[in-house]
Amino acid sequence: MAGAPGAAPRGWPAVLVLEDGTTFGGTGFGARGETFGEMVFNTAMTGYQETLTDPSYCRQIVAMTAPHIGNTGINDEDPESRRIWVSGYVVREPSRTTSSWRARRSLEEELAAQGVPGIAITGTRALTRRLRDRGVMRAAISAGPADPAELLERVLTSPRMAGADLAREVSTAEPYEVRPPPGVDARYRVAAVDLGIKAATPAAMAARGCLVRVLPATSTAAEILATSPDGVFFSNGPGDPAAAGYAAAALRGVLASGVPVFGICLGSQILGRALGLGTYKLRFGHRGVNQPVKDLATGRVQVTSHNHGFAVAPPGADGTGPVSRAPFDTPFGRAQVSHVNLNDGVVEGIRLLDARTFGIQYHPEAAPGPHDAAGEFDAFCALMQEARHAQA
């Protein structure tokens, strides 16, 4: 529940309350009001506009660990979706000025216009350490005067992220197309299932000659395959993958058809569940642009962009044990863990060995983030080309 749209004078008292009772006093900015969500932190030093508009942040309050946010304002070119999706925004110091030739308005103006409350607190480091040590938790931001004890009672009755089906909430209602730019021939037809897709993702595929047909999250396998795709893509998105059984069912139907499949983030988790693996909630998630991921086949390490709070459990494990490269059986042939996170050993990629299918937990579209993993889109195109040759 966000505050009403409309700019308000900066400087009103505000409070941030976590579900363990931890309370931070601060200064409100953006929309003046009250909001609830899962409290998470993002370690990126740039890309706040992409973060705010990433549908994967639906129903979350995001704290930025970088101390100064808003320097380059808000432009009309970088949004990753049609609106801001974060429930609330926590920073140490919002920029008092905007300095970029691309800026059209300030960060504070954009938050106010879209009804998103923000709070500036001096303790963003203490907040991050709290979440790191105790795990992400529900929270609220409220403009003062507010009774922290009464606010805590309402935090404890707010929805949890575990069990939340949010993909259908953020997905497109109607199909649409993203075509290759002028001068680039359309070589492949891709059906992209929108579980919370970022604009940069179909744009990256289109730049490689893909005509991308973006479909609603609840599309069935029959509806996906009716587009006659050369490949099927399952996107990133918010919520608990265990609650999106409809997407896993659709993915199983696509796998049975033999069409190449590629999944990113939530799409990779859905692939894991379609193959019979479990998923689990991470203690504090991966959110930032500096996560080291190792390709187990080559030993190469990529620095990658992440935004997820759930992960795929290795075969026969609960996610806490070591990850093995040993192939394991699935209803669609043998599979293998392909990538792991070097910070905590979390599964970052899975691949079918007997079919043209893979999923990765990180974001190769790099919006925001490094471009180390951009080649994953090329790998998907290569699989579609292989399938085409095999059918010739």
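Being a predicted model, the structure only gives us computed values, none of them experimental. Residues take numbers from 1 onward in each chain, read along the sequence in its written order. Only residues with pLDDT of at least 70 are given local features in this predicted model, and only at 80 or more are side-chain atom pairs given and counted; all residues enter the totals for whole chains, interfaces and linings. Hydrogens and water molecules were not included; the side-chain quantities draw on all heavy atoms of the structure.

Caption draft 1: How the structure looks around empty space enclosed by the protein. Both cavities and pockets are sets of points on a 1 Å grid over the protein atoms alone; in a cavity a 1.4 Å probe fits but cannot get out, in a pocket the set is open with protein on both sides within 12 Å along at least five of seven lines, and lining residues sit with an atom within 4 Å of a point. Grid points are joined across faces, edges and corners, and a volume is the space filled by probe spheres set on the points. Summed over all chains, the structure comprises three cavities of 30 Å³ or more. As for the largest cavity, its lining consists of 16 residues, and the residues nearest its centre are Gly237, Gly239, His308, Gly309 and Phe310. Think of it this way: any DSSP run of H or I at least four residues long counts as a helix, any run of E at least two long counts as a strand, and we number them from the N terminus. For the lining of the largest cavity, the secondary-structure elements that each account for two or more residues are helix H9 (266-274), strand E15 (279-295) and strand E16 (301-312). Its residues placed into classes, the lining of the largest cavity shows five nonpolar, eight polar and three charged. A volume near 80 Å³ is recorded for the second largest cavity. Along the wall of the second largest cavity there are 13 residues; nearest its centre are Thr51, Ser305, His306, Asn307 and Pro368. We call Asp, Glu, Lys and Arg charged. Ala, Val, Leu, Ile, Met, Phe, Trp, Tyr, Cys and Pro are nonpolar, and the rest, Gly among them, are polar.

Caption draft 2: Examining H9 more closely. Burial status follows relative accessibility: with a 1.4 Å probe on protein chains alone, a residue under 20% of its type maximum counts as buried, one over 50% as exposed, and anything between as partly exposed. With eight of its nine residues buried, H9 lies for the most part within the structure. Residues Leu266, Gly267, Ser268, Gln269, Ile270, Leu271, Gly272 and Ala274 constitute the buried set of H9. In the stretch just after H9, Gly276 is the one whose phi turns positive, near 100°.

Caption draft 3: Broad picture of the pattern of salt bridges. A pairing counts as a salt bridge when a side-chain nitrogen of Lys or Arg comes within 4 Å of a carboxyl oxygen of Asp or Glu. Tallied over the full model, the rule gives 20 salt bridges. Salt-bridge contacts for Arg102 lead to Glu77; the nearest nitrogen and oxygen are separated by 3.7 Å. With Arg102 in the loop between strand E7 (93-94) and helix H2 (107-113) and Glu77 in the loop between strand E5 (68-69) and strand E6 (88-91), this pair connects stretches of sequence that are 25 residues apart. Residue Arg102 is classed as partly exposed on the basis of its relative accessible area of 26%. Residue classification places Glu77 among the partly exposed residues on the basis of a relative accessible area of 48%. The structure contains a network of salt bridges with shared partners spanning Glu19, Arg138 and Arg160.

Caption draft 4: The packing of aromatic side chains, seen in detail. Pairing of aromatic rings covers Phe, Tyr and Trp, the last through its six-membered ring, and needs centres within 6.5 Å; plane angles under 30 degrees mean stacked, over 60 mean edge-to-face, and all others mean tilted. According to the stated counting rule, one finds five aromatic pairs in the structure shown. Taken together, the ring pairs in this structure connect Phe233, Phe262, Phe358, Phe377 and Phe380 into an aromatic cluster. Whether a charge sits over a ring depends on NZ of Lys or CZ of Arg being within 6 Å of the ring centre and within 35 degrees of the ring normal. One Lys or Arg, Arg83, reaches over the ring of Trp85 and ends 3.9 Å from the middle of that ring. Of note, Lys281 hangs over the ring of Phe310, and the distance from its end group to the ring centre comes to 5.5 Å.

Caption draft 5: Representation of the nonpolar core within the structure. Counting residues in each nonpolar core, the largest one holds 34 residues, and the members touching the most others are Leu195, Ile224, Phe234, Leu251 and Ile270. Looking at this core, the elements with two or more residues in it are strand E11 (188-193), helix H7 (221-225), strand E13 (231-234), helix H8 (245-257), H9, strand E18 (333-341) and strand E19 (347-352). For this core, the leading source of residues is H8, giving seven residues. Here, two residues are considered to be in contact whenever any of their heavy atoms come within 4.5 Å of each other. Ignoring any residue separated from it by four or fewer positions in sequence, one finds Phe234 in contact with Val193, Leu195, Ile224, Ala247, Ala250, Leu251, Val261, Phe262, Gly263, Ile264 and Gly267. Here, the term nonpolar core denotes a set of buried Ala, Val, Leu, Ile, Met, Phe, Trp, Tyr and Cys residues that are joined through side-chain atoms within 4.5 Å. Tyr188, Val190, Ala192 and Val212 belong to the second-largest nonpolar core, a separate cluster that totals 23 residues.

Caption draft 6: Spatial organisation of the pairing of strand E2 (residues 23-30). DSSP bridges decide pairing: two strands pair if at least two such bridges lie between them. Pairing between strand E1 (residues 13-18) and E2: five bridges, direction antiparallel. If you follow Pro13 over to E2, its bridge partner there is Thr27. The hairpin formed by E1 and E2 contains four residues between the paired strands, and Gly21 there has a positive phi angle of roughly 95°. As paired elements, E2 and strand E8 (residues 117-120) share four bridges and run antiparallel to each other. Within E8, the residue paired with Phe29 across the bridge is Gly118.

Caption draft 7: How the structure looks around the layout of surface pockets. Roughly 360 Å³ of volume is contained in the largest pocket. Taken together, 16 residues make up the lining of the largest pocket; nearest its centre are Phe41, Thr43, Thr128, Arg132 and Phe284. Of the residues forming the lining of the largest pocket, the biggest block, six residues, is contributed by E15.

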